[in-house]
Number of protein chains: 2
Amino acid sequence: MRIGLLGFGTVGKGVYKLVAPRADMQVVRVLCRRDLELDDAAVTHNFDDILNDPTIDTVVEAIGGLHPAREYVIAAMEHGKNVVTANKAMVAVYYDELLPLAQRMGVHFRCTASVGGGIGWLSELERVRRIETVSHVGGIMNGTCNFILDSMHRTGMDYKAALAQAQALGYAEADPSTDVDGIDTWHKLIISANVGFGVSLDLNSVPVAGIRNIQASDIENFKAHGMVCKLLSTAKQQDGSYSAYVQPTLCPAGTLEASVPTNYNLITLSGNTSGRQSFYGQGAGRYPTAYNVVQDCIDCLRGRGFYCSYGKKVTVINKLKLSYYVSGATDDALEERKALNWGDAVVTRPVSIHWMHQWLDAHPGAFIAALPVEE
Amino acid sequence: MRIGLLGFGTVGKGVYKLVAPRADMQVVRVLCRRDLELDDAAVTHNFDDILNDPTIDTVVEAIGGLHPAREYVIAAMEHGKNVVTANKAMVAVYYDELLPLAQRMGVHFRCTASVGGGIGWLSELERVRRIETVSHVGGIMNGTCNFILDSMHRTGMDYKAALAQAQALGYAEADPSTDVDGIDTWHKLIISANVGFGVSLDLNSVPVAGIRNIQASDIENFKAHGMVCKLLSTAKQQDGSYSAYVQPTLCPAGTLEASVPTNYNLITLSGNTSGRQSFYGQGAGRYPTAYNVVQDCIDCLRGRGFYCSYGKKVTVINKLKLSYYVSGATDDALEERKALNWGDAVVTRPVSIHWMHQWLDAHPGAFIAALPVEE
């Protein structure tokens, strides 16, 4: 395999290093803005040098963001090249464009590192679907949020201090919005549901709430009730209807989700024969991410394209009712639904997920967390 | 694929049911002691009917135990048939015989369901090894022991009551020795290490301690110190030397291992690029186990043989020193190594794993549990 590598940042450099000693693949050209000299590959500032090199059969996209990543990936596939990417935003947002194109062109398109970093999550979903129907995917998919929430829980520090610590350690970016507002988790959930259920979820029908407004006093309230707060994603299919949402969720202390420390991920599926399976590991970082990029390259070599066929477009309906913990804002509509107080915060009677997220949209300073469902 | 199925018990019946609707494989003949009529397969009491049917390309062994399972599997491979099995005892004990034979005959030999039941553990180890070196495998591999320990922890019930409950629910057998003495975990650890490290561990060099002698008072002591007791397996390789052992181990409350409930498994690997990865799921049961048997059949169809090449024979040396909790027996040698007491029990200074297991062999009524290593 002869690889054109787009980007030489955290992930790109990791891929370059992992590929270097391998006999079955070679990074031939690297697209990079900087002037750079590499032992084994030519460096270019011009994507066309990769696109028009007929000896390059596979493009590894490691520049991130929507543009020009999407345009490069589309051009690569149109030129008959396989694409391997870790770019969750691009895959989630342009799924309806990228998947049909890959199938039409007969090229391989893989993105295992886009969800769960070093965990073989999408590739295992692919394996699971050889036998069984997946009814549920979801879990803790963002290491930044988990690190912040875990720090707050363990030490009682406030959100700002925990975020600053995460930034100092390289777990959060200077602008952490994509992580703390749940957008990263939302992208990963969409991709997981698309692969797990063989559909294409309408992104805009999937509500998302993040952790930006959580306070140390919220954590104290959770602890007093034996709960640990995690940013959880959930997608379910049953009898042809689909639900999906991302929101802070209270997990009883001692459960598996509540026990996920620092920046780890824990991603779960439920299958109709294997039951519940969960996967725990490093959801980000140079080598874990590069590891699954190289795994995808090996699978391309072995003739494995995307994880599933492109499926029907699906709009999510979240009818399920949950009780929510709400702090930071209130109004008559919320007070009418109040069941009790935890400290100064409101705990609602069961309300629909749809209603709660609409209310949150109108109260951008509020924090919400779903209570666990009694099972 | 035309399958000869050996056994029609829990696993065999599950395999039959999962294969029935599939177009890519068919159970042609079933070996079963009982008189049985099946819609889609001929039933025989005579293994030769399967062995000598040239249209059968794959034998699924689901009778369990060492004999005649080993003899049937060897004969099947000698007749050029693939073998898929969930039989951990047979694979662990006859590894040095079965693996070279499969390689010599050029047949596929797979046993994913033998470790972790419904978890794709061995198949994921196979994938991991395409890229990285595995330095550690292990975890909670026996659902029966986890169920007993979890019940004791949650309710304070004694060992006998927890075992009786496990038996009533079908999680433990009438004679639970293989599970509670750690033998089942020991077999699974050997197979995991053999696949993960690409070696063949000398079984007799791997010490094992079980949970048979644990008392409700031990659990009280652990709780008082914020610990949860789990039966853990561990195998490590470093710089060409190998350690491996099975023993009850204290996990700090709130850690992932401590949070594994009821009869679930949690199996972990450490790789040099992906980091720590853990896999959680149903380690036993009809459909989870049958699920991975059928996955193996699909992999045989796709030309995938064993997970790794047969590797060199390795004797384990457990030099590591750990502190142990010891109850139920004592003597001068133990008292000399005492650091402190938890209730009536002794907690030792760090002693070698080798020494502790030798001492335990001489005190068969004792219970030991390793304290967590300070990291």
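Everything quoted here is computed from the prediction, not taken from an experiment.

**Some remarks on the overall build of chain A**
Counting secondary structure elements, chain A contains 14 helices and 19 strands. In terms of overall size, chain A behaves like a compact globule, its C-alpha atoms giving a radius of gyration of 21 Å where 375 residues would be expected to give roughly 21 Å. For chain A, the spread of C-alpha atoms along the three principal axes comes to 65 × 45 × 35 Å. Looking at the 375 residues of chain A, the share that counts as buried comes to 54%. At a minimum sequence separation of 6, the contacts of chain A that also span at least 24 residues come to 73%.

**Things to note about helix H10 (residues 183–197) of chain A**
Helix length check: H10 of chain A, at 15 residues, gives a terminal C-alpha distance of 21 Å against a target of 21 Å (1.5 Å per residue), a fit within 8%. When you tally the buried positions in H10 of chain A, you get 14 out of 15 residues, the bulk of the element.

**Re the relation of the copies chain B and chain A**
With an axial shift of 0.0 Å and an RMSD of 0.0 Å, the rotation relating chain B to chain A amounts to 180°. Here the symmetry operator amounts to a two-fold rotation axis. Among all residues of chain B, the minimum C-alpha distance to the rotation axis is found for Phe279 of chain B, at 2.5 Å. Looking at chain B, 100% of its interface residues are interface residues in chain A too, so the copies touch through the same face.

**Description of the pairing of strand S9 (residues 227–238) of chain B**
Consecutive residues of a regular strand have side chains that alternate between opposite faces of the sheet. Residue and element names in this part refer to chain B. In terms of burial, S9 is a largely internal element, 11 of the 12 residues being buried. Pairing of strand S7 (residues 134–140) with S9, which is carried by four bridges, proceeds in the antiparallel orientation. Directly across from His136, in S9, lies its bridge partner Lys236. The pairing of S9 with strand S10 (residues 241–252) spans 12 bridges and is antiparallel. Counted as the bridge partner of Leu231 is Pro248 from S10. Counting the residues between successive antiparallel strands, the hairpin from S9 to S10 contains two residues, one of them, Asp239, with a positive phi of roughly 50°.

**Things to note about the pairing of strand S1 (residues 2–6) of chain A**
Residues and elements named next belong to chain A. Of all five residues that make up S1, four are buried, and the element is covered over most of its length. Pairing geometry for S1 and strand S2 (residues 26–31), over five bridges, is parallel. Looking at S2, one finds that Leu5 is bridged to Val30. You can see the chain leave S1, run along helix H1 (residues 10–19) and come back into S2, and the turn it takes is right-handed. With four bridges connecting them, S1 and strand S4 (residues 58–61) associate as parallel partners. Bridge pairing in S4 links Leu6 to Glu61.

**Quick notes on the sheet that holds S2 of chain A**
Pairing is parallel across the open sheet formed by six strands, whose spatial order is S3-S2-S1-S4-S5-S6 (chain A). Each end of this open sheet is capped by a strand with a single partner; those strands are strand S3 (42–44) and strand S6 (109–110) of chain A.

**Comments concerning the nonpolar core**
Where a protein is soluble and globular, its nonpolar side chains tend to be buried together. Counting 244 residues, the largest nonpolar core has Val15 of chain A together with Val15 of chain B as its most contacted members. Aside from chain neighbours lying at most four places away, what touches Val15 of chain A is Leu5, Val60, Ala62, Ala290, Val293 and Val294 of chain A.

**What about the confidence of the model for chain A?**
Averaged over all residues, the pLDDT of chain A is 97; the fraction at 70 or higher stands at 99%. For this predicted complex, the interface confidence reaches an ipTM of 0.97, while the overall pTM sits at 0.97.

**What about the interface of chain B and chain A?**
Listed as interface residues are 29 residues of chain B and, on the opposing side, 29 residues of chain A. When the residues that make up the side of chain B that touches chain A are grouped by side-chain class, the tally is 11 nonpolar, 13 polar and five charged. Pairing between strand S12 (residues 275–282) of chain A and strand S12 (residues 275–282) of chain B: five bridges, direction antiparallel. Its bridge partner lying in S12 of chain B, Gln277 of chain A is registered against Gly281 of chain B.

**Structural notes on helix H12 (residues 286–301) of chain A**
Residue and element names in this part refer to chain A. For H12, which comprises 16 residues, the first-to-last C-alpha distance of 23 Å matches the rise-based estimate of 22 Å (1.5 Å per residue) to within 8%. Among the 16 residues that make up H12, 13 are buried, leaving the element largely enclosed by the rest of the structure. Just beyond H12, the residue with positive phi is Gly303, at close to 85°.

**Quick look at the packing of helix H7 (residues 143–155) of chain A against helix H8 (residues 159–168) of chain A**
Residue and element names in this part refer to chain A. Running from N to C, H7 and H8 point in directions that differ by 130°, and their axes come no closer than 9 Å. What the angle tells us is that H7 and H8 run oblique. Of the two elements, H7 crosses H8, and the hand of that crossing is right-handed. Between H7, through Thr144, Phe147, Ile148, Ser151 and Met152, and H8, the contact on the second element is made entirely by Tyr159, Ala162, Leu163, Gln165 and Ala166. Of the residues belonging to the contact of H7 with H8, the class tally is seven nonpolar, three polar and no charged.

**Here we look at the domain arrangement of chain A**
Residues and elements named next belong to chain A. Segmentation of chain A into domains returns domain 1 (2–110) and domain 2 (133–282 + 314–370). Just the C-alpha atoms count here: the centres of domain 1 and domain 2 sit 32 Å apart. On the side of domain 2, eight residues touch domain 1, which itself brings seven residues to the contact. The set of elements that each furnish at least two residues to the side of domain 1 that touches domain 2 consists of helix H4 (88–93) and helix H5 (95–105). In terms of residue count, the dominant contributor to the side of domain 1 that touches domain 2 is H4 (five residues). Here the residues of the side of domain 1 that touches domain 2 are counted per class, giving five nonpolar, no polar and two charged.

**Considering the environment of Cys111 of chain A**
Residue and element names in this part refer to chain A. Tracing the backbone shows Cys111 in the loop between S6 and helix H6 (121–128). Between the C-alpha atom of Cys111 and that of Ile191, which follows or precedes it by 80 residues, the distance is 9.4 Å. Among all residues touching Cys111, those that are not within four sequence positions of it are Thr85, Ala86, Val91 and Leu122.

**A closer look at the sheet that holds strand S2 (residues 26–31) of chain B**
All names here are of chain B. The strand order across the open sheet formed by six strands is S3-S2-S1-S4-S5-S6, and the pairing between neighbours is parallel. Pairing within the sheet leaves two strands with one partner each, and these edge strands are strand S3 (42–44) and strand S6 (109–110). Contacting strand S1 (2–6), strand S4 (58–61), strand S5 (82–85) and S6, helix H12 (residues 286–301) crosses the sheet at an angle of about 160° to S5.

What counts and how
Residues numbered from 1 in each chain as written. Chains lettered and ligands numbered in written order. Predicted model: local features only at pLDDT ≥ 70, side-chain atom pairs only at ≥ 80, totals over all residues. Helix = DSSP H or I, 4+ residues; strand = E, 2+ residues; numbered from the N terminus. Rg over C-alpha atoms; globule rule 2.2 N^0.38 Å. Buried ≥ 20, exposed ≤ 12 C-beta atoms within 10 Å, placed from the backbone. Contact = placed C-beta atoms within 7 Å. Expected span 1.5 Å × (residues − 1). Least-squares fit on C-alpha atoms with pLDDT ≥ 70 in both. Pairing = 2+ DSSP bridges. Right-handed = clockwise from strand over helix to strand, strands pointing away. Core = buried A, V, L, I, M, F, W, Y, C linked by C-beta atoms within 7 Å. pLDDT = per-residue confidence, 0-100. Nonpolar A, V, L, I, M, F, W, Y, C, P; charged D, E, K, R; others polar. Axes fitted to C-alpha atoms, helices over the stretch in contact; angles between N-to-C directions. Parallel < 35°, antiparallel > 145°, perpendicular 65-115°, else oblique. Left-handed = near helix turned anticlockwise from the far one by under 90°. Domains from an automatic or database assignment.

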